[in-house]
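Inside the fold
Letter by letter, the chains look like this.
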Amino acid sequence: MGKITGFLEFQRVKETYEAPLKRLKHWNEFVHTLSDDEARQQGARCMDCGIPFCSSGCPVNNIIPDWNDLVYRQDWRSALDVLHSTNNFPEFTGRICPAPCEAACTLNINNDAVGIKSIEHAIIDKGWQQGWVLPQPPARKTGRKVAVVGSGPAGLACAQQLGRAGHSVTVFEKSNRIGGLLRYGIPDFKLEKSHIDRRLAQMEAEGVEFCPSTYVGAAEHAEEGLNTRTPESLQEEFDAVVLTGGAENPRDLPVPGRELRGIHYAMDFLRQQNKANNGDRVSKQISAKDKHVIVIGGGDTGSDCVGTSNRQGAASVMQFELMSKLPETEDKALTWPYWPAKLRSSSSHAEGCERDWAVATKSFEGKNGKVEKLIAVRVEWFKDKATGQMKMREVEGSQFELPADLVLLAMGFVSPVKNVLDAFGVDLDARGNARANTDDYITSAGKVFAAGDMRRGQSLVVWAIREGRQCARSVDEFLMGTTTLPR
Ligand SMILES: Cc1cc2nc3c(=O)[nH]c(=O)nc-3n(C[C@H](O)[C@H](O)[C@H](O)COP(=O)(O)OP(=O)(O)OC[C@H]3O[C@@H](n4cnc5c(N)ncnc54)[C@H](O)[C@@H]3O)c2cc1C
Ligand code: SF4
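Keep in mind that what you see is a predicted model, and the values were worked out from it rather than measured.

On to the overall build of the protein chain. Within the protein chain one finds 20 helices and 20 strands. Taken over the C-alpha trace, the protein chain has a radius of gyration of 23 Å; the compact-globule value for 487 residues is 23 Å, and the two agree within 12%. Projected onto the principal axes, the alpha-carbon positions of the protein chain cover approximately 70 × 60 × 50 Å. Per-residue burial over the protein chain gives 50% buried out of 487 residues.

Written out as structure tokens, the structure reads:
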């Protein structure tokens, strides 16, 4: 703890954003990183708690008090080493993590939490600027080969750890570029794709091989034009296979009119814009320009649809959420150190969007096969006395309609795509995810492991990194009988 009175002297300072009207004119990031002095002061607010709740609140268990102290002392190089010791990709989490560590910070009980995420962001950006982030190839190779299927944060973290342990790792990805949802889900304005490219160059220099445009599974399920690798061929060629294919099966809204043109899954819309930003030609791109857009679903994906629609020039954007509106502040005495349920507003909401809660869509109507309006009702939530569960009922006479030229379904993801798991003969859990525990991540299919959203269901980047790292340790132990990789 560098400055014993820091938490008494300094207030939390947040990262600043470019003004909405300016940032809406481009697709780039708009967050200004803390200056060295600001980061130093923010690091000084850390109390170096005897029990650092921030670390246990963080899924990768970042050693937060140590790097806070090192930043206070301006020893950025050591701070970077501590940060990298638990997290392969802090440039992703420093930008897009919701920061459960901050909810768990002791200062958050009666003050503002330490700005942990903004300090992480500052450390890793400085690391790259100074040229400190270098390839770490293994001192010797083991002769073992591992296939990783899916190149999101879980697959990449797993591949990097296994490559550094000396295994020959090949990452297979069905998309034309590596990165999973980091690449084609999360928009550029939240995470510029050059951050991924930089890491991929580092991993290639460490010996990891990437095979984009390659579908793993039965050939009949592959999209046209993709290379295909069968599960059998991978199992024959590799000593272990790790499945990190994400949870790609979106939740649908099967109401009358769903078949009308102009109603799309959020990911179809976001993927196309991300591809266009990456320089790909996208034919018949779904566009929000001059349209009345309705986004159904109030989470991260919905918020990304709001930001993307506004950048495309939507006439209006409305976002509906089925659940009731949450309070703006939590009762900390009840919730700390856990992640509190409270109203969350993103930078995309600040750019122009109407939001409404406790709304259920009943149907869509249109002309000539094209959607023109959405019919909805208000709902109220109540506790069922018999079961104790929350239930929903329609508010009588509350039906209303809104003009809708483009409807984006952002109601989450139900499960991984079953084909690929079936093709490997992997047992599923009750929710349709790959069944594997977090002790060894091994599935029912012998030397096949599973991690990330494919194993745990739709989640967060930081959880995917954790699972990728832990799974790598288990694979290493499986291959070598022992391991020195961290959990
Ligand atoms: C729009 C959106 C915004 C989000 N925003 C945030 C955010 O701000 N912060 C946050 O923490 N989390 C966010 N998330 C969640 C986060 O992106 C995911 O939890 C995380 O990416 C999961 O990582 P993963 O590696 O398990 O899978 P994914 O990132 O989904 O990667 C899986 C990859 O596997 C590939 N694949 C699947 N099957 C095959 C196959 N058979 N053969 C070859 N390749 C295959 C897919 O093409 C994909 O590239 C967001 C999610 C979405 C959809
Ligand atoms: S809980 Fe907060 S104050 Fe305590 S060590 Fe962690 S960041 Fe510092």
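With the rule as written, the count across this model stands at seven aromatic pairs. Note on Phe320 and Phe400: the rings are 6.2 Å apart at their centroids and 75° apart in plane angle, and the pair reads as edge-to-face. With Phe320 in strand E12 (residues 316-321) and Phe400 in strand E17 (residues 400-403), this pair connects stretches of sequence that are 80 residues apart. Sitting over the ring of Phe238, Lys145 keeps its end group 5.2 Å from the ring centre. For Arg344, the ring lying beneath its charged end belongs to Trp339, and the centroid distance is 3.8 Å.

Moving on, we come to the domain arrangement of the protein chain. It is common to report an interface's size as the accessible area lost on association of the parts. The domain boundaries assigned to the protein chain delineate domain 1 (6-129), domain 2 (145-248 + 414-480) and domain 3 (252-411). Between the C-alpha centres of domain 1 and domain 2 there is a distance of 28 Å. Taken together, the connections running from domain 1 to domain 2 amount to one salt bridge. Taking the shortest distance from any N to any O, the salt bridge between Glu91 and Arg199 comes out at 2.5 Å. At the junction of domain 1 with domain 2, the criterion picks out 13 residue pairs in polar contact (both at pLDDT 80 or more). At the level of secondary structure, the elements contributing two or more residues to the side of domain 1 that touches domain 2 comprise helix H7 (90-96) and helix H9 (116-129). Here the side of domain 1 that touches domain 2 takes six residues from H7, the largest share from any one element. Looking at side-chain class alone, the side of domain 1 that touches domain 2 contains 12 nonpolar, eight polar and three charged residues.

So, on to the site of ligand 1. Around ligand 1, the surrounding shell holds 37 residues, and the nearest of these are Ile96, Ala154, Glu173, Val216 and Asp453. Between ligand 1 and Val216, the relevant distance is 2.9 Å, taken from a nitrogen atom to a main-chain nitrogen or oxygen of the residue. Residue Ser459 places a main-chain N or O atom 3.0 Å away from an oxygen atom belonging to ligand 1. For the shell around ligand 1, the residue count by class is 17 nonpolar, 13 polar and seven charged. Looking at the shell around ligand 1, you find at least three residues from each of domain 2 (145-248 + 414-480) and domain 3 (252-411).

All right, on to the pairing of strand E14 (residues 359-367) then. Sheet analysis places E14 next to strand E15 (residues 370-383), joined by eight bridges and oriented antiparallel. Across the sheet, the residue bridging to Ala360 is Val377, located in E15. Turn length for the E14-E15 hairpin, with the two strands adjacent in sequence and antiparallel, is two residues, and the turn residue Asn368 shows positive phi of about 50°.

Let's shift gears to unusual backbone geometry. Here the bond from Trp336 into Pro337 is cis, since omega is 5°, no more than 30 degrees from zero. Positionally, Pro337 belongs in the loop between helix H16 (332-335) and helix H17 (347-350). Here Gln74, not a glycine, exhibits a phi torsion of approximately 60°, which is positive. For Gln74, the location among the structural elements is in the loop between helix H5 (64-72) and helix H6 (76-84). Look at Ser213: it is not a glycine, yet its phi comes out positive at around 55°.

Once that is clear, we can look at the state of the cysteines. Two cysteines whose sulfur atoms are joined by a covalent bond form what is called a disulfide. Inspection of every chain in the model, using the stated rule, returns zero disulfides. Between Cys211, a free cysteine, and Cys158, which holds the nearest cysteine sulfur, the sulfur-to-sulfur gap is 16 Å.

Relative to the elements of secondary structure, Gln42 occurs in helix H3 (residues 36-44). When its relative accessible area of 0% is taken as the criterion, Gln42 is described as buried. Within the local environment of Gln42, its side chain forms a polar contact with the backbone nitrogen of Val13, the two atoms lying 3.1 Å apart.

What follows deals with the environment of Leu406. By secondary structure assignment, the location of Leu406 is in strand E18 (residues 406-409). Residue classification places Leu406 among the buried positions, given a relative accessible area of 1%. Sequence-wise, Leu406 and Ala464 are 58 residues apart; in three dimensions their C-alpha atoms are separated by 32 Å. Not counting chain neighbours up to four residues away, the residues in contact with Leu406 comprise Gly262, His264, Phe269, Ile286, Ser287, Ala288, Lys291, His292, Val293 and Ile294.

As a further point, take the site of ligand 2. Neighbouring ligand 2 are the residues Cys46, Met47, Asp48, Cys49, Cys54, Ile64, Pro65, Asn68, Cys105, Thr106, Val114 and Ile116. The greatest single-element share of the shell around ligand 2, amounting to three residues, is contributed by H5. Class assignment for the residues of the shell around ligand 2 results in nine nonpolar, two polar and one charged.

What follows is about the sheet that holds strand E3 (residues 145-149). Whenever strands of a sheet pair, they do so through backbone hydrogen bonds, lying parallel or antiparallel. As summarised here, the arrangement of the five strands in space is E5-E4-E3-E8-E20, forming an open sheet in which the pairing is parallel. Both outer strands of the open sheet, strand E5 (209-211) and strand E20 (448-450), are each paired with one neighbouring strand and no more. On average, each strand axis in the sheet is tilted by 20° relative to the strand beside it, whichever way the strands run. With four bridges joining them, E3 and strand E8 (residues 240-243) adopt parallel strand pairing. Bridge assignment links Ala147 to a residue of E8, and that residue is Val241.

To continue, consider the nonpolar core. Counting 63 residues, the largest nonpolar core has Trp67, Ile123, Val146, Phe210, Val242, Cys471 and Val475 as its most contacted members. Examining the composition of this core, we find that seven residues originate from one element, helix H20 (residues 461-480), more than from any other. For this core, the domains that each give at least three residues are domain 1 (6-129) and domain 2 (145-248 + 414-480). Aside from chain neighbours lying at most four places away, what touches Val146 is Leu162, His167, Ser168, Val169, Thr170, Phe238, Ala240, Val242, Val475 and Leu479.

The rules behind these values
- The written sequence of each chain sets the order in which its residues are numbered from 1.
- Going through the entries in the order they are written, you letter the chains from A and number the ligands from 1.
- Only residues with pLDDT of 70 or above have their local features reported here, since the model is predicted, and side-chain atom pairs are shown and tallied only from 80 upward, although totals for entire chains, interfaces and linings are computed over all residues.
- Computation of side-chain values: all heavy atoms of the structure, hydrogens and water removed.
- Starting at the N terminus, helices and strands are each numbered in turn, a helix being any DSSP run of H or I of at least four residues and a strand any DSSP run of E of at least two.
- Radius of gyration: C-alpha atoms only; globule rule: 2.2 Å multiplied by the number of residues to the exponent 0.38.
- Only protein chains enter the accessibility calculation, which uses a 1.4 Å probe. A residue is then buried if its area is under 20% of the maximum for its type, exposed if over 50%, and partly exposed in between.
- Whether two aromatic rings pair depends on their centres lying within 6.5 Å, for rings of Phe, Tyr and Trp, where Trp uses its six-membered ring; planes under 30 degrees apart make the pair stacked, over 60 edge-to-face, and the rest tilted.
- Definition used: whenever NZ (Lys) or CZ (Arg) falls within 6 Å of the ring centre and also within 35 degrees of the ring normal, the charge is taken to sit over that ring.
- Each domain's limits were defined by an automated method or a database of domain assignments.
- A pair is scored as a salt bridge if a Lys or Arg side-chain nitrogen falls within 4 Å of a carboxyl oxygen belonging to Asp or Glu.
- Any pair of N or O atoms that falls within 3.5 Å is considered a polar contact. Within protein, one atom must be able to donate a hydrogen and the other to accept it, and sequence-neighbouring residues count only if both atoms are side-chain atoms.
- When residues are grouped by polarity, Ala, Val, Leu, Ile, Met, Phe, Trp, Tyr, Cys and Pro land in nonpolar, Asp, Glu, Lys and Arg in charged, and all others, Gly among them, in polar.
- Whether a residue is near a molecule or strand depends on its heavy atoms: if one lies within 4 Å, it is near.
- Paired strands, as defined in this entry, are two strands with at least two bridges between them according to DSSP.
- By disulfide we mean two sulfur atoms from cysteines, separated by a distance within 2.5 Å.
- Whether two residues are in contact is decided by their heavy atoms, any of which lying within 4.5 Å being enough.
- Here an axis means a line fitted to C-alpha atoms, over the contact stretch when the element is a helix, while the angle between two N-to-C directions is reported on a 0 to 180 degree scale.
- Side-chain atoms within 4.5 Å link the members of a nonpolar core, which is a set of buried Ala, Val, Leu, Ile, Met, Phe, Trp, Tyr and Cys residues.

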